[in-house]
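Now for the letters of each chain:
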Amino acid sequence: MKSPEPVHVIKRRREALLRSLVDGVPYIRYLGVQFDRRGDELTAVLPFRDDLIGNPRLPALHGGATAAFLEIAAMIELSWSTLWEGVEADGALPDGPLRLPKTIDFTIDYLRAGLPRDAYARARVNRSGRRYASVHVEAWQDNRARLFAQATGHFLMPPVEPKP
C-alpha cells in the first residue's frame, strides 16, 4: 500500500495547477484577477483600480469589468474542479497547455453598483458532464451577504484526451 504524500507536495501541486490555469488566460492578468485557494475552495479577487470605473460620477465599477470578472471566476472554478480529480488520482499535472471550457451563454444579474473597492467572487458548479456544464457565481465587496452581481453560465467542456 502506498503511503500518503506529504502535505507540502499536495499544496505545491494544487498551486501549480491553479497557476497553469490562470497563466493560460492573458485577460486574467490584464484585469489583475487573483485567486485565493483554501483547500479545494477558490475565491476570485478583483483588486480595485481606477481604470475599472465605468461611471465616474457615482463612481461605480464598469459592467463589462464585472461581467468579465464573474465569467473568469466561473471558468476557473469549473476547470479547477474538473481537472483536480485527475491530478489527485495520477499525482501529476496534465501535459501541454490546458484547454478551458468555452462559454455557451452567460447571464448576469447586476444587483447594485459595484463600489470603488476590491471585489470577490465564488462559483459553484451546478452540473458538469462530459460535454456540458452549468455554473453559478456570486460577487460581493464588503459583505458576503450583500451581493452586487451574480451570474449563471453554461459551458462546452473541452474533449478529454485519452491517456496512452
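Visitor: How should the packing of aromatic side chains be read in this particular structure?
Guide: Applying the stated rule across the entire model yields 3 aromatic pairs. R144 extends its terminal NZ or CZ atom over the ring of W140, reaching a point 4.2 Å from the ring centre.

Visitor: Sorry if this is basic, but what is going on with the pairing of strand β1 (residues 34–38) here?
Guide: Regular strands place their side chains on alternate faces of the sheet. Of the two faces of β1, only the one carrying F35 and R37 is buried; Q34, D36 and R38 on the other face are not. Alignment of β1 against strand β2 (residues 41–46), held across 5 bridges, turns out to be antiparallel. Counted as the bridge partner of R38 is E41 from β2. The hairpin turn running from β1 into β2, its antiparallel successor, is 2 residues long, and G39 in that turn takes a positive phi close to 65°.

Visitor: What is the right way to read the pattern of salt bridges from this model?
Guide: Working definition: two side chains of opposite charge can pair if their charged atoms are close together. The full count for this structure, using the stated rule, is 6 salt bridges. One salt bridge connects R38 with D36, and the closest N-O pair in it is separated by 3.5 Å. For R38, a relative accessible area of 60% puts it in the exposed group. For D36, a relative accessible area of 30% puts it in the partly exposed group. The shortest N-O distance in the salt bridge between D142 and R117 comes to 2.5 Å. Taken together, the positions of D142 in the loop between β7 (132–140) and β8 (147–156) and R117 in the loop between β5 (102–110) and β6 (119–128) put the pair 25 residues apart, joining distant regions of the chain. A residue is classified by how much of its surface remains accessible, and D142, at 59% relative accessible area, is exposed.

Visitor: Help me out: how do you make sense of the nonpolar core in this one?
Guide: Nonpolar side chains in soluble globular proteins tend to be buried together. In this structure, V33, F35, F69, L70, I76, A121 and V137 are the most contacted members of the largest nonpolar core, which totals 41 residues. Of all elements in the fold, only α1 (7–23), α2 (26–31), β2, α3 (63–90), β6, β7 and β8 reach the threshold of two or more residues within this core. It is α3 that provides the largest number of residues to this core, a total of 13 residues. With near-sequence residues (within four places) excluded, V137 lies in contact with L70, A73, F106, A121, R122, A123, Q150 and A151.

Visitor: What am I meant to see in empty space enclosed by the protein here?
Guide: To find leftover empty space, a probe the size of one water molecule is rolled over the atoms. Here the structure, examined in full by the defined rule, presents 1 cavity of 30 Å³ or more. Here the largest cavity defines a volume of roughly 40 Å³. Taken together, F35, L42, T43, A44, A73, E77, A121, R122 and A123 form the lining of the largest cavity. Broken down by secondary-structure element, the contributors of at least two residues to the lining of the largest cavity are β2, α3 and β6. Classifying every residue of the lining of the largest cavity by side-chain character gives 6 nonpolar, 1 polar and 2 charged.

Thresholds, definitions, all that
- Residues numbered from 1 in each chain as written.
- Predicted model: local features only at pLDDT ≥ 70, side-chain atom pairs only at ≥ 80, totals over all residues.
- Heavy atoms only, no water.
- Phe/Tyr/Trp six-rings, centres within 6.5 Å; stacked < 30°, edge-to-face > 60°.
- Lys NZ or Arg CZ within 6 Å of the ring centre and 35° of its normal.
- Buried < 20%, exposed > 50% of the residue type's maximum accessible area, 1.4 Å probe, protein only.
- Helix = DSSP H or I, 4+ residues; strand = E, 2+ residues; numbered from the N terminus.
- Pairing = 2+ DSSP bridges.
- Salt bridge = Lys/Arg side-chain N within 4 Å of Asp/Glu carboxyl O.
- Core = buried A, V, L, I, M, F, W, Y, C linked by side-chain atoms within 4.5 Å.
- Contact = heavy atoms within 4.5 Å.
- 1 Å grid on protein atoms, 1.4 Å probe; cavity = no way out; pocket = protein on both sides within 12 Å on 5 of 7 lines; lining within 4 Å.
- Points joined across faces, edges and corners; volume = space filled by probe spheres on them.
- Nonpolar A, V, L, I, M, F, W, Y, C, P; charged D, E, K, R; others polar.

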